[in-house]
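# Structural overview
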Amino acid sequence: MKSRSLIIASLAATAATPAFAQDAVYIEPYPRPEVPEPEPAGLPDAAREMVETAIATGDPDKVNTVIQIARHTYPAGGPELDRLEAAFKANRQRIVAAEEARKRESLRNAGPLEGWTGKGEFGALASSGNSEDLGVTAAFRANRVGLTWRHRVTARFDFQRSDGDTTRERYLASYEPSFDLSKRAFVYGLAQYERDEFAGFSSRYSASSGIGYRPFDRDGLRLELKGGPAWRRTELVDPLTASSDDSYLAALAAMELEWRIADNLTLTESANAFIHSSNSTYLALTGLEAGIGKRLKARLSYSIEYDTDPPVDTEATDTLSRISLIYDF
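About the thresholds
Residues numbered from 1 in each chain as written. Predicted model: local features only at pLDDT ≥ 70, side-chain atom pairs only at ≥ 80, totals over all residues. Heavy atoms only, no water. Helix = DSSP H or I, 4+ residues; strand = E, 2+ residues; numbered from the N terminus. Buried < 20%, exposed > 50% of the residue type's maximum accessible area, 1.4 Å probe, protein only. Contact = heavy atoms within 4.5 Å. Areas by Shrake-Rupley, 256 points an atom, 1.4 Å probe, with all protein chains shown as cover. Phe/Tyr/Trp six-rings, centres within 6.5 Å; stacked < 30°, edge-to-face > 60°. Expected span 1.5 Å × (residues − 1). Axes fitted to C-alpha atoms, helices over the stretch in contact; angles between N-to-C directions. Parallel < 35°, antiparallel > 145°, perpendicular 65-115°, else oblique. Nonpolar A, V, L, I, M, F, W, Y, C, P; charged D, E, K, R; others polar. Patch = residues over 30% accessible without salt bridge, like charges linked within 9 Å, V, L, I, M, F, W, Y side chains within 5 Å. Salt bridge = Lys/Arg side-chain N within 4 Å of Asp/Glu carboxyl O. Pairing = 2+ DSSP bridges.

## Here's the deal with the overall build of the chain
- Within the chain one finds 5 helices and 12 strands.
- Burial statistics for the chain: of 329 residues in total, 29% are counted as buried.
- Intrachain contacts of the chain at a sequence separation of at least 6 include 48% that bridge at least 24 residues.
- Put simply, the chain shows about 21,300 Å² of open surface, and 59% of that area lies on carbon and sulfur atoms.

Written out as structure tokens, the structure is:
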């Protein structure tokens, strides 16, 4: 009887307990350590998508950077990254080979007036005050690169007046074909005409043929060296000073440099030497070009020409500084 009373009292006490007491949450005195999820085997989908996005750009540098990051972050994905990288390189080789074949076919079928590239240059100066100066410089250069033949046409004109008198008037025109013997070696020909009465000659003709070499011939750096025998004829302004030595054989040594120092800054150097025992001519033209538009550049140049035996009453050294604009076409 007493035990039955205890059971009834216990049930009554339970029923009388408030509802919120039944919902109480038990809090452990020390939190359980979180168990990290196991690292997925292979390359995660997000990393694979990142690599495939880089591959879609076709940029080798970008692909290499992304794959290196993925290798470091997901070492287990190495085999799959190797497969993606190998597939990208093989596909890129096929694309490059197809593009080279297309270019060669285009050059093979190009007409004589097709495939030319070049640049036009124009500069001017004017001053007033103690002296009235007006000067103009203009130049044109065109190149055509074929499968084995290359052609270069150059023309330049300088004119200056000071206090109403002409103090400079110089013309130069040249044509230079070359034939590639190999990837770097070539043979060349050169025909050149000059006129500069202030330097003592009304006309100067030069012709040369020889062999050349291109140590560097890639986008951003081109260097060309050449040399061979040459023939020159000079018609002097004063016919009384003319002699049989106005036509002579000489040796030509020349170099052409085009070096892109930065994305929009290029250094150019053109130098040649016609070497003869009685009269040698040395010419160097240094230029610095800065891009100011898609096809437009500003150019600062300095030229120096030296004759070992100049005509009477003319200076042996002639220099000229130019500031001009260049348009590529």
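From this point on, the discussion continues.
## Concerning the packing of aromatic side chains
- Taken as a whole and assessed by the stated rule, the structure comprises 6 aromatic pairs.
- Between F157 and Y171, the aromatic rings sit 5.0 Å apart at their centres with planes inclined by 35°, giving tilted as the arrangement. Separated by 14 residues along the polypeptide, F157 in strand β3 (residues 149-162) and Y171 in strand β4 (residues 165-180) bring together distant segments of the chain.
- Classification of F157 as partly exposed rests on a relative accessible area of 25%.
- With 6.4 Å between their ring centres and 25° between their planes, Y282 and Y306 make a pair best called stacked. Pair noted here: Y282 is in strand β10 (residues 281-291) and Y306 is in strand β11 (residues 296-307), with a separation of 24 residues, a long-range link.

## Considering helix α5 (residues 78-109)
- Taking 1.5 Å as the rise per residue, α5 with 32 residues should run 46 Å; its terminal C-alpha atoms sit 47 Å apart, in good agreement.
- Turning to α5, its buried residues are G78, E80, L81, L84, E85 and F88.
- For α5, the elements touching its buried residues are α3 (45-57) and α4 (60-73).

## Side note on the packing of α3 against α5
- At a closest axis distance of 11 Å, the pairing of α3 and α5 adopts a crossing angle of 10°. When the axes of α3 and α5 are compared, the pair comes out roughly parallel. Contacts from R48, V51 and I55 of α3 reach α5 at E80, L81, L84 and F88.
- Its residues placed into classes, the contact of α3 with α5 shows 5 nonpolar, no polar and 2 charged.

## Examining unusual backbone geometry
- Located in the positive-phi region is D163, a residue other than glycine, with phi close to 55°.
- A relative accessible area of 47% places D163 in the partly exposed class.

## Here we look at the environment of G135
- By the secondary structure assignment, G135 is in strand β2 (residues 133-145).
- Judged by its relative accessible area of 3%, G135 falls in the buried class.
- For the pair formed by G135 and D158, sequence separation is 23 residues and the distance between their alpha carbons is 7.6 Å.

## Considerations on a nonpolar patch on the surface
- Taken together, F140, I292, L296, L325, Y327 and F329 make up a surface patch of nonpolar side chains, about 570 Å² in accessible area.
- If you trace the backbone, I292 turns up in the loop between β10 and β11.
- For I292, a relative accessible area of 53% puts it in the exposed group.

## Some details on the packing of α4 against α5
- It is the contact of α4 with α5, at a shortest axis distance of 10 Å, that shows an interaxial angle of 170°. On the basis of their axis angle, the class for α4 and α5 is roughly antiparallel. Listed contacts from α5 to P60, V63, N64, I67, A70 and R71 of α4 are G78, L81, D82, E85, F88 and R92.
- Per-class residue counts for the contact of α4 with α5 are 6 nonpolar, 2 polar and 4 charged.

## Some remarks on the environment of V136
- Mapped onto the elements, V136 comes out in strand β2.
- Take V136: its relative accessible area is 27%, and that puts it in the partly exposed class.
- Note: C-alpha distance between V136 and L125 (11 residues apart in sequence) is 6.4 Å.
- If we ignore the near neighbours within four places in the chain, the residues touching V136 are F122, G123, A124, F157, D158 and F159.

## Digging into the pattern of salt bridges
- Under the defined criterion, the tally for this structure stands at 35 salt bridges.
- For E256, the salt bridge goes to R141, with nearest N and O atoms at 3.5 Å. Residue E256 is found in strand β8 (residues 247-262), and its partner R141 is found in strand β2; the two are separated by 115 residues along the sequence.
- With relative accessibility at 26%, the residue R141 sits in the partly exposed group.
- Residue E176 is joined to R152 by a salt bridge in which the shortest nitrogen-to-oxygen separation is 3.6 Å. With E176 in strand β4 and R152 in strand β3, the pair connects residues that are 24 residues apart, well separated along the chain. Per residue, the accessibility class of E176 equals that of R152, and both read buried.
- Through salt bridges with shared partners, a single ionic network connects R150, R152, E176, D180, R214, D217, R222, E224 and K226.

## Digging into the pairing of β2
- In this sheet, β3 lies alongside β2 in antiparallel orientation, the contact comprising 13 bridges. Across the sheet, the residue bridging to F140 is A155, located in β3.

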